[in-house]
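Geometric and topological summary
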Amino acid sequence: MNFFVDLLIEPFREYIFMRHALAACVALAIGCAPVGMLLVLRRMSLMGDALSHAVLPGAALGFLVSGLSLYAMTVGGIVVGLTVALLAGAVARVTALREDASFAALYLISLALGVLIISMRGTSIDLVHVLFGTILAVDDPALILVASITTVTVFTMAIIYRPLIVECFDPGFLRSVGGKGATMHFLFLVLVVLNLVAGFTALGTLMAVGMLMLPAASANFWARQFWSASLVAAIIAVIAGYSGLLLSFHLNVPSGPAIILVAGLCYAFSVFFGRYGSIYRRHKAGGHLTG
Amino acid sequence: MTTITLTDLTLGYERHPAVHHLSGSFQPGSMTAVVGPNGSGKSTLLKGIVGILRPLGGHITRQNLKKHQIAYLPQQLEIDRSFPITVLDTVILGLWRQIGIFGGMKRDLWSRAEQALQAVGLAGFEMRAIGNLSGGQFRRVMFARMLLQDSAVVVLDEPFTSIDSQTTIDLLKVIERWYKEKRTIIAVLHDFSQVHDHFPETLLIARELIAWGPTAEVMTDKHLTLSRTMSEAWDDEAEICAEEGL
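Residues numbered from 1 in each chain as written. Chains lettered and ligands numbered in written order. Predicted model: local features only at pLDDT ≥ 70, side-chain atom pairs only at ≥ 80, totals over all residues.

**Digging into the overall build of chain B**
Rules: Secondary structure counts use DSSP, requiring at least four H or I residues in a row for a helix and at least two E residues in a row for a strand, with both numbered from the N terminus. The globule rule used for comparison is 2.2 Å times the number of residues to the exponent 0.38, while the radius of gyration itself is calculated over C-alpha atoms. Counting other C-beta atoms within 10 Å of a residue's own tells you its class, since 20 or more makes it buried, 12 or fewer makes it exposed, and anything in between is partly exposed; those C-beta atoms are placed from the backbone. Remark: residues whose backbone-derived C-beta atoms lie within 7 Å of one another are considered to be in contact.
Looking only at helices and strands, one finds 9 helices and 9 strands in chain B. In terms of overall size, chain B behaves like a compact globule, its C-alpha atoms giving a radius of gyration of 19 Å where 246 residues would be expected to give roughly 18 Å. Considering only C-alpha atoms, chain B reaches an extent of 60 × 35 × 35 Å along its principal axes. For chain B, with 246 residues in total, the buried portion stands at 39%. Once local pairs closer than 6 in sequence are excluded, the contacts in chain B between residues at least 24 apart make up 71%.

Structure representation (C-alpha cells):
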C-alpha cells in the first residue's frame, strides 16, 4: 500500500513544483478539450498544428526583446499567432485560395522567421526549455496565465456554443438566417491561439498542440455528441497530464514529451478498442439486427 | 407581402455573365418554376434572388423583405453529413430567428418542430443521427427545417433531383401547402410534368430570358427549342455586352 502512495501521490505532496505542474495540466485539459474537439469536427486538425508553429516566432521575439520573461513571450505568441490566423482567414475569404493552403503558407513563413530569430541569438538552454517544455518550472504567474486562459475559453465556448456548432455543421444556412458565422469562426481561432499559448508555457510550442489534438482525436472513439466527447477528451487529458508527470518524475525524462506520449497511448488504445468506429468494433463478428 | 422585382439583372462570375438582362417580377403568393437547360443560369439566378451573389449589372428589389426572411435550399448543400447531430436538432435550426444564440425552446416551438417532422413523414426519426439517413430522408429533413423557418419566400434549387417518386410526391404536398398559405415559391425544376401539374407560373431562361408567365404559355415547343440553341461557352475574348440596358 505504502509503495503505491509513494509512487502515485508522494511526489505531489512533497514538491510544490509538481503540484503546480499538475494544476496547470488540469487547467490545460479543461480548456483544450472543447477547442480540440471543434478542431476535429471542423476538419481543422492540421491547422491547429500550423498555428502552433506560427506561435513560435512570437515567443522567440518576446525572448529576444526581454529574455526569459513569461509575459513578453506570451504576448508575442498571442500577437503573432492571431496575426497568422487572421491573415490566413482573410486571404481565404478575399481570394480563391482555400483556408488550409493559406494557413500552410503563412505558418511556413512565420516558422522560418522564428528559426531565423532564434539563430540570431545563438543556442540558449533557456530558449530550448521554452520551445520544448518546462512544465516542471511552472511558477505562479504561469499558473495564473493558464488558469485565466482556461476560464476565458470555457466561458466563451459556453456563450458562442450554439452558433459555433451551427457554423461548423451548416455554414451556408447560418449565413442565410443572418447568423454571424464569420465572427464565430474568428472567435474560435482566437481561442485556439490562446490555448496554444497556454500550452506552450507548460509544454513548449512543439508539444502544445498535442494537448489539443490527441485527447480530442481519442474522444471521438468514445462519445457521439460534442459535449460528451469534450468531457471524455478532458478526462483523457487529465489522465495524460497526471501519468506523464509521474513518469517524468520517476524516470527523470522531460515532462512535455512524457505527457504527450501518454496521451498518444490513450489514442492508440482508442483506435483499437473504442466504442465507435474503432478497429475492434468494425471487425467484430456478429449477426445483424432485424430492423 | 413582397414582390421581388428584377430590373435588367445580370448575374455571373468574374465579369462573365451566367444570365443577363433579365427583367420581371415574382408576385407575392406566386409559385414559379424556373426551367432551362444545364448551364442556363438557373442556380445563379436563385443565388442572386436570395442575395448570396451580387449582380454584375441591374438590380433586384425585395421591398421590405430581409435576406434572412428567405428560406433557401441550395443545390449543393454545405452541410457536413457526418456531423454528430440528430434529426430533431437539425430541424430546430429552422427556428434560429426565434431562439437565436441564447433562446430556449418553449412548448409551442417543440410542438411546431414535431408537426414539421410529421408533415414530411419523419415522425419517429427525431433522435436518429443525420449521418444514418438516406438521401431522400435527408431531403425531408431539409424541408422540415424550411417549414419551421416560416418564410414568406421559399427558394428551392432542384429540390427533387435524385429523389424517388414517393418522396417527391410527399414533398410536393409540402410545397402545395406553402402555396395555399400564400407564400412566394421559386423552384428550379427539370421534370416538365411536375412543372405542368403543380406550378402555375414558369420562368424559362437560357442565359437570357426566353419566356416568363403562365406555365401553359411558356412551355411551348417554340420556346423550348429556342432555349436549346443557347451557347454554353464562355468566351474569354468576349467584348463588353453591347445590349443596352435601361
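**Side note on the overall build of chain A**
Broken down by element type, chain A carries 14 helices and 0 strands. Counted from the first residue to the last, chain A has its helices and strands arranged as α-α-α-α-α-α-α-α-α-α-α-α-α-α. The C-alpha atoms of chain A give 20 Å as radius of gyration, which agrees with the globular expectation for 291 residues (19 Å, within 12%). With the C-alpha coordinates aligned to their principal axes, the bounding extent of chain A is approximately 55 × 55 × 30 Å. Here chain A, with 291 residues, has 49% of them falling under the buried criterion. For chain A, contacts bridging at least 24 residues in sequence account for 71% of all contacts bridging at least 6.

**Some words on the nonpolar core**
Applicable threshold: A set of buried residues drawn from Ala, Val, Leu, Ile, Met, Phe, Trp, Tyr and Cys, joined through C-beta atoms within 7 Å, is what defines a nonpolar core. Domain start and stop positions are those given by an automatic or database domain assignment.
Judged by nonpolar contacts, the single largest core of 155 residues is most densely connected at Leu28(A), Leu51(A), Ala237(A) and Val155(B). Broken down by element, this core gets its largest block of residues, 15 residues, from helix α3 (residues 16-41) of chain A. Looking at which domains feed residues into this core, each of domain 1 (1-65 + 152-160 + 182-231) and domain 2 (75-151) of chain B supplies at least three. Ignoring any residue separated from it by four or fewer positions in sequence, one finds Leu28(A) in contact with Val146(A), Ala198(A), Gly199(A), Ala202(A), Met211(A) and Ala237(A).

**Details of the pairing of strand β8 (residues 201-205) of chain B**
All names here are of chain B. The condition that has to hold: Note: two strands are recorded as paired if DSSP finds a minimum of 2 bridges between them.
Within β8, 5 of the 5 residues are buried, which leaves it mostly tucked inside the rest of the structure. In β8, alternate side chains face the same way, and those of Glu-201, Leu-203 and Ile-205 on one face and Thr-202 and Leu-204 on the other are all buried. Note that β8 and strand β9 (residues 209-214) share 5 bridges and pair antiparallel. Residue pairing across strands places Thr-202 opposite Gly-213, the latter belonging to β9. Counted along the chain from β8 to the antiparallel partner β9, the turn is 3 residues long, and its residue Arg-207 has a positive phi close to 65°.

**A word on helix α12 (residues 226-251) of chain A**
Spelled out, the test is: To estimate the expected span of a helix, count its residues, drop one, and scale the result by 1.5 Å.
Under the 1.5 Å per step criterion, the end-to-end length of α12(A) is 36 Å for 26 residues, consistent within 8% with the ideal 38 Å. Directly after α12(A), the chain includes Asn252(A), whose backbone phi takes a positive value near 60°.

**So, the packing of α3(A) against helix α11 (residues 205-219) of chain A**
Residue and element names in this part refer to chain A. The cut-off we apply is this: Lines fitted to the C-alpha atoms define the axes, with helices restricted to the stretch that makes contact. Angles between their N-to-C directions range from 0 to 180 degrees. Roughly parallel covers angles under 35 degrees, roughly antiparallel covers those over 145, roughly perpendicular covers 65 to 115, and oblique covers all other angles. A clockwise turn of the near helix away from the far one marks a right-handed crossing, whereas an anticlockwise turn of less than a right angle marks a left-handed crossing. Three classes are used, and their members are as follows: Ala, Val, Leu, Ile, Met, Phe, Trp, Tyr, Cys and Pro are nonpolar, Asp, Glu, Lys and Arg are charged, and the others, Gly among them, are polar.
At a closest axis distance of 7 Å, the pairing of α3 and α11 adopts a crossing angle of 65°. Overall, the two elements α3 and α11 adopt an arrangement that is roughly perpendicular. For α3 against α11, the interelement crossing comes out right-handed. Facing Leu-28, Cys-32, Ala-33, Val-35, Gly-36, Met-37, Leu-39 and Val-40 of α3, the residues of α11 in contact are Met-211, Leu-212, Met-213, Pro-215, Ala-216, Ala-217 and Ala-219. Along the lines of polarity and charge, the residues of the contact of α3 with α11 split into 14 nonpolar, 1 polar and no charged.

**Describing the environment of Thr86(B)**
Residues and elements named next belong to chain B. Take Thr-86: it is sitting in the loop between β5 (70-73) and α2 (87-92). Residue class for Thr-86 comes out partly exposed when judged on the 16 C-beta atoms lying within 10 Å of it. Each C-alpha atom of the pair Thr-86 and Ile-130 lies 5.7 Å from the other, and the pair is 44 residues apart in sequence.

**Structural notes on the sheet that holds strand β6 (residues 153-157) of chain B**
Strand pairing in a sheet takes place through backbone hydrogen bonds and is either antiparallel or parallel in direction. Residues and elements named next belong to chain B. Strand order in this open sheet of 6 strands is β5-β6-β7-β3-β8-β9, and the pairing throughout is mixed. The open sheet has two free edges, formed respectively by β5 and β9, since each of these has just one partner strand. Strand-to-strand twist across the sheet, computed as the mean angle between neighbouring axes with direction ignored, equals 10°. Alignment of strand β3 (residues 31-35) against β8, held across 4 bridges, turns out to be parallel. Looking across to β8, one finds that Val-34 is bridged to Leu-203. On top of the sheet, helix α9 (residues 221-228) reaches β8 and β9; it is set at about 150° to β9, its chief contact.

**Examining the interface of chain A and chain B**
On the chain B side, the residues contacting the 16 residues of chain A number 16 residues. Elements supplying a minimum of two residues to the side of chain A that touches chain B: α8 (140-169) and α9 (171-176) of chain A. The residue makeup of the side of chain A that touches chain B, split by class, is 8 nonpolar, 5 polar and 3 charged.

**Remarks on unusual backbone geometry**
One can expect most non-glycine residues to show negative phi and most peptide bonds to be in trans. Phi at Arg43(A) takes a positive value of approximately 55°, unusual for a residue other than glycine. A positive phi is found at Asp150(B), a non-glycine position, where the angle reads about 55°. Of note, Asp150(B) is situated in the loop between α5 (135-149) and β6.

**So, the sheet that holds strand β1 (residues 4-13) of chain B**
Residues and elements named next belong to chain B. With respect to topology, 3 strands assemble into an open sheet ordered β2-β1-β4, the strand pairing being antiparallel. Each edge of the open sheet carries a strand with a single partner, namely β2 (16-26) and β4 (57-61). Averaged over all neighbouring strand pairs, the angle between strand axes comes to 25°, with direction disregarded. Of the strands in this sheet, β1, β2 and β4 touch helix α1 (residues 42-50), which is tilted by about 120° from β1.

**Here's the deal with the domain arrangement of chain B**
Taken domain by domain, chain B consists of domain 1 (1-65 + 152-160 + 182-231) and domain 2 (75-151). The centre of domain 1 of chain B, based on its C-alpha atoms, is set 27 Å off from the matching centre of domain 2 of chain B.

**Some remarks on the packing of α3(A) against α8(A)**
Between two packed helices, what matters for the description is the angle formed by their axes and the separation of those axes. All names here are of chain A. The interhelical angle for the contact between α3 and α8, taken along N-to-C directions, is 20°, at an axis separation of 9 Å. By the criterion of interaxial angle, the relationship of α3 to α8 is roughly parallel. The interaxial crossing formed by α3 with α8 has left-handed handedness. Between α3, through His-20, Ala-23, Ala-24, Ala-27, Leu-28, Ile-30, Gly-31, Pro-34, Val-35, Leu-38 and Leu-41, and α8, the contact on the second element is made entirely by Leu-143, Val-146, Ala-147, Ile-149, Thr-150, Thr-153, Val-154, Met-157, Leu-164 and Cys-168.

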